Amino acid sequence: MPHSTDERRPRDADCAGLAVVGAGPAGLAAAVTAADHGLDVVLLDSAVTPGGQYYRSPPGGLGATRPGALHHGWPVFAELSARLAAHRDSGAIRHLPNHQVWTVERAGDGDWILHAVTGAEGDQRSAVRARRLLLATGAHERQLPFPGWTLPGVVSAAGAQAMLKSGLVLPGRRIVVAGSGPLLQAVALSLTRAGASVPALIEASGYGAYARAPQVLAANPGKMAEGVRHGAALTGAGVRMLTRRAVTDVHGDDRVEAVTVSRVDRRWRPVPGTGREIACDALAVGHGLAPQLELAVAAGCGTRACADGTHAVTLDQQLRTTVPGVWAAGEAGGIGGVELALCEGELAALSVIREMRGGVQRAAARRAVALLRSRRRLRAFSTLMGAVHRPGAGWSEWLTGDTEVCRCEEVTAGRIRTACEEFGAGDTRTVKLLTRAGMGWCQGRTCGFAVRELADAHGSGRGAGEEPDGPDRRPLACPVRLSTLADLAEPA
Amino acid sequence: MRQPLDVVIVGAGVVGAACAYYASRSGLSVAVVDRGSVAGGTTGAGEGNLLVSDKLPGPELELALLSASLWRELSEELSSDIEYEIKGGLVVAASEESLTTLSTTAATQRGAGVEAYHVTSDRLRDAEPHLAPHLAGGCHYPQDAQVQPALAAAELLREAGRSGARLCPGEEVVGILRHRDGAVRGVRTARSELRAPVVVNAAGTWGGDLAAMAGVDLPVLPRRGFVLVTEPLPRLIRHKVYAAEYVSDVSSGSAALQTSPVVEGTPSGPVLIGASRERVGFDRTLSVPAIARLAAQAAALFPVLADVRVMRAYHGFRPYLPDHLPAIGPDPRVPGLFHACGHEGAGIGLAPATGLLIADAIAGRQPVLDPGPFAPDRFDTTCHVT
Ligand SMILES: Cc1cc2nc3c(=O)[nH]c(=O)nc-3n(C[C@H](O)[C@H](O)[C@H](O)COP(=O)(O)OP(=O)(O)OC[C@H]3O[C@@H](n4cnc5c(N)ncnc54)[C@H](O)[C@@H]3O)c2cc1C
Ligand SMILES: Cc1cc2nc3c(=O)[nH]c(=O)nc-3n(C[C@H](O)[C@H](O)[C@H](O)COP(=O)(O)OP(=O)(O)OC[C@H]3O[C@@H](n4cnc5c(N)ncnc54)[C@H](O)[C@@H]3O)c2cc1C
C-alpha cells in the first residue's frame, strides 16, 4: 500500500498516523523515531510507566530507590524517555499508559481500531483509530512444569526480576536460580546485588553449544563479552554455575526448603541416581521468553516457528508483517534481547516513514542500512541462543503422573497422557478440550508450551483439522467485562 | 494381517464418532480417519446443547427426539463422564407479541411429542432467579439437555475402539477409491490406502470437498459462530436460557449476522454465551460487532452478568446445507458412499440418531425413522447417474 496521498490527508484528531502497541524498548524506539520524522503517533501500553520488561522501574514516587542501579542500559532509557516526554508535550505522541489492547479490528476503510481497557479496575473502555499499526508487544516468560513447582517460594525468574525492579522486594534470602537461557544470569546477578544469596544457578543446556556457530559469536563480540562478564561477576558473588542439570523436585511442607537437582543428558532426560539436594528458601525458574502474539494473530499476521520452539510474527527485512499496514518489532518478532528490540523499533519506524512517503532522506536511509546490518547480526545470535536453550525433548520425563501442568485448572501430566493415549488427542486444542488444560485465568500462557510438547509427543505435531499447528489463538488478549463488550454493540 | 475393513469413516467429529460407535456395535469392522485429532473440527467449537426446544415439528425434530433418547441411553452405557445433564431449556419472551408466537410454537411442538410448559411472567424468576425483570413470560422445555462435545466424541470413539474400530488420526483423505463400475472401494490418504466397500462422509463442514472427491455435489457451506466464555462463577444460571427470537435466527436463510444468545452455566463454572450465526466463509478474524451483540443480549437477559469478565471468545464453522437439514444415508449416485454431514448448529444433538441411521443403512436394516428428507442427492439438479 503506497501512502503518497496519505500526507495530504489532514491530521485528524480521531485517527493517528501510527499506533504503537507496547512501550518497551522496541515500542519506545519506534514511537520516538516516527515522531522525530513528523508522524502523529499514539502509543498504548498496559503498564503504568513506560519501559517494558527491561526498563521496568518503580512507579513514580519511589525515586529514591535509584532504579538505574539495576540496569546497565539506563542511559539509553533515560534518553528515550526524554524524547518521549518532549514529543508528548508537543503533541506529536499521544501516550496512553495503562491501556491494555484486547483486540485490533480493521475498519472498512483500512484503518485500524484498537480496543483497549483502562482505568484502575480495567473497567473503562477506549477505542483508538490509526492508519497503521506497529506491534511491539514483547514477550512473556516460558515455564516448564516439574514436581513441586506449585509450592509457595517457587517464583518465575522474570517475575523475581520484575519484583526487584518495580517493588524492590526479594522472594527469599537463599534463592536457587534454575531453568535455561541467558536471562538466568541476569536474574541471579540482580538477586545477589539486592542482597540475596544464590547458592547455585542451574542451567539445563551446556554453554558449550554456543561454540557450534563460531562465526555468529565472532560477529557479536559484545554478547560474548557480556557472557564472560556475567560469569565472572557470578563467580565473584559466590554463585555456583551448574550446567546440564535441572531441578527435578522441590521439598518443603508449605514452603520451599530445598530442591533436588539432577544431571540431565543432551535431550534433558534426568539421569537416574544423580539427584543432589540444595537447601534454599526460594527457587526462581524460567525457560526463556515466548513472544506475545495475541494482537498479531488477531490482525491476521502470519507467524513462524522459531529455533527456540516458540512462534513469532513473520517479518520481512523492513519489519513488515504479512498484513499490509502492520509492522512489528522487538520480541514479538522473535526473542532477541534489548539491543535487538531497540534496533528493530527504530528500523520499523523508518520503514513506516519510507512506505508512507515513498522514501526517506539520505541520513535516515544511511541509518536504516546500519540498523539493518545490526539486526541481521543480532538475529543470527538470537537464533543460535534459541537453539542452544530450546528445551530438549526429554524434559517431560522429569514429570510424575501427579505433577500439575496447568495450574489454573489443576490438570496433571497423568490426565494429559490419558487424553493422548486413550482418547486420541494429538494436539494442544484437543488436549485442552478433553482436560481443560489452558482454559483458566492465564489462558494457557503458562502451560501452553508444555501442553503442546506433551501432545506433540503423541500426535507427532499433527495440527487440528482446522488450524494446522500455529500459535495458540486468544482472540481476547486480556479479560474484558461483559458490559464493556456490550457497550460496543450497535443498536439492532 | 488385520481383519479386512467393512467401513471407512472420514471425520472424527461427534458425528463420525457416533457412526463408528453404532456401526462397530452392529459387528462391522470400522476405521475412522481424520486429518487432525478427535474433535479437532467443529465439534471442538460446539457448545453441546441437545435441544428439542428450538426445532419446529418436522424431520429435524423427529431426529432430535430420537437423539435425545439415545443420548440418555449413551450417558448410562458409556464408561466415562461426558458431562451429560438434562438441565432443561427456558425460552423467554420480552414482549407480549413474541410471547404469543412462542406459545403458538410450543403448542405445535407439544403435538409432535415435545414437553413444553408455559411459565408466567411472575414465575420466571422462580425458575431463573437472576433473569431480568419485566419479561413477558416464557416456556420451559424439560427435555433440553447437554453434553461436553469433545468428551462425548472421544468417549464414543474409545467405546468403538473396544468393539474393534481402528482410529487413524493425523491422516488426511485425499481421494476416494472407486471400482471400474463406479462403486467405492476405499480411501486414499496422504500416507496410505484404506480399502473398504463402504465410505462414510462425516467430514462436517468439509463434507462438500469429500463428496467432490467422489465426483458428486453436496453444497455444505460454513456458517460462523462465536461463543463467549466468562470467568468461573458460582452457579447463577440453572437452565439453558435464550430469547424466543432465537428459533427464527436458527432457521434463517440470510447470510447476515444473527445473534440471540443461549446463556448457560457449565459444571466447571464459566458461563457460556453463544452463539452468533453469519455466513462469511472460513473467516477466522474476531468480529467485534458479533461478540458485542452477544454480550449486550446476554447482559439484557441477565443483568447480573454485566460486571463479569469474559475470559475468551472462540469461533467455529457450522456445516450448513441450504435447507438446514443434514445429509444422512447412502448416495444413490455412488454405490458404497454414505453421507453423514451438514448438521449445522445441531450436530452434537443429532449425532446418535445419525449414527444409528447410518449403521442400519449399511447393514441393510429397516430405518427407525423415514430418512427421505435427509437424502444426500436432494440438491442435485442434474439427472441422476449411477
Ligand atoms: C528478567 C529479565 C531480564 C532480562 N535481562 C536482559 C539482559 O540482561 N539483556 C538483554 O539484552 N535483554 C534482557 N532481557 C530481555 C529484554 O527485557 C527484552 O529483550 C526487551 O524488553 C524486549 O523489548 P520489547 O519492546 O520487544 O518488549 P517488552 O519489553 O516486553 O515490552 C512490551 C510492552 O508491551 C506491552 N504490551 C503487551 N501486550 C499489550 C497489549 N495487548 N496492550 C497494551 N500493551 C501491551 C507490555 O506491557 C510491555 O510494556 C531481560 C528480560 C527479562 C524478563
Ligand atoms: C459456535 C458453535 C456452537 C455450536 N453449538 C452447538 C450446540 O450447542 N449443540 C449442537 O448440537 N451443535 C452445536 N454446534 C454445531 C456442532 O458443533 C456441529 O454440527 C457438529 O460438531 C458437527 O460435527 P461433525 O462431526 O459433523 O463435524 P466436525 O466436528 O467438524 O468433524 C469433521 C471432521 O472431519 C475431518 N475432515 C474433514 N475433511 C477431512 C479429510 N479430507 N480427511 C480427513 N479428515 C477430514 C475434520 O478434521 C473434522 O475433524 C455448534 C457449532 C458452533 C460453530
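Just so we're clear, the structure is a prediction, and the values are computed from it rather than from any experiment.

A. Region of the structure containing the domain arrangement of chain B. Residue and element names in this part refer to chain B. Along its sequence, chain B is carved into domain 1 (7-67 + 149-220 + 323-383) and domain 2 (89-142 + 221-320). Averaged C-alpha coordinates put domain 1 and domain 2 at centres separated by 28 Å. Summed over both sides, the interface between domain 1 and domain 2 buries roughly 2200 Å², with carbon and sulfur atoms accounting for 62% of that surface. When the buried surface of domain 1 facing domain 2 is broken down by residue, Glu47, Ser53 and Glu344 rank first, second and third, together holding 27% of it. The interface formed by domain 1 and domain 2 contains two salt bridges. Note that arginine 277 is salt-bridged to glutamate 344, the shortest N-O span being 3.9 Å. Along the lines of polarity and charge, the residues of the side of domain 1 that touches domain 2 split into 10 nonpolar, 10 polar and four charged.

B. Structural context of the site of ligand 1. Residues and elements named next belong to chain A. Every one of the 30 residues lining ligand 1 counts as a neighbour, but Asp45, Ser46, Gln53, Val101 and Glu331 are closest to it. Contact between ligand 1 and aspartate 45: an oxygen atom at 2.7 Å from a side-chain N or O atom of the residue. When the free accessible area of ligand 1 is taken as 990 Å², the share hidden by the protein chains comes to 92%. Elements supplying a minimum of two residues to the shell around ligand 1: α1 (25-36), β4 (100-106), α3 (157-166), α4 (183-193) and α8 (338-357). The element that contributes the greatest number of residues to the shell around ligand 1 is α4, accounting for three residues. Split into classes, the residues belonging to the shell around ligand 1 amount to 15 nonpolar, 13 polar and two charged.

C. Structural detail: the site of ligand 2. With respect to spatial proximity, 37 residues lie near ligand 2, and among them B:Asp34, B:Thr43, B:Asn49, B:Glu344 and B:Gly349 are the closest. This site is not confined to one chain, since residues near ligand 2 come from chains A and B. One of the backbone nitrogen or oxygen atoms of B:Ala346 is found 3.3 Å away from an oxygen atom of ligand 2. The backbone of B:Gly347 places a nitrogen or oxygen atom 3.0 Å from an oxygen atom of ligand 2. Within the complex, the protein chains bury 98% of what would otherwise be the 1000 Å² of accessible surface of ligand 2. Only α1 (14-25), β13 (221-232), β17 (309-320) and α9 (347-363) of chain B provide two or more residues apiece to the shell around ligand 2. Broken down by element, the residue count for the shell around ligand 2 peaks at four residues, all from β17(B). Along the lines of polarity and charge, the residues of the shell around ligand 2 split into 15 nonpolar, 15 polar and seven charged. Residue assignment places the shell around ligand 2 across two domains, with domain 1 (7-67 + 149-220 + 323-383) and domain 2 (89-142 + 221-320) of chain B each supplying three or more.

Cut-offs and rules
Residues numbered from 1 in each chain as written. Chains lettered and ligands numbered in written order. Predicted model: local features only at pLDDT ≥ 70, side-chain atom pairs only at ≥ 80, totals over all residues. Heavy atoms only, no water. Domains from an automatic or database assignment. Buried area = accessible area lost by both parts, 1.4 Å probe. Salt bridge = Lys/Arg side-chain N within 4 Å of Asp/Glu carboxyl O. Nonpolar A, V, L, I, M, F, W, Y, C, P; charged D, E, K, R; others polar. Near = heavy atom within 4 Å. Polar contact = N/O pair within 3.5 Å; in protein donor to acceptor, adjacent residues only side chain to side chain. Areas by Shrake-Rupley, 256 points an atom, 1.4 Å probe, with all protein chains shown as cover. Helix = DSSP H or I, 4+ residues; strand = E, 2+ residues; numbered from the N terminus.

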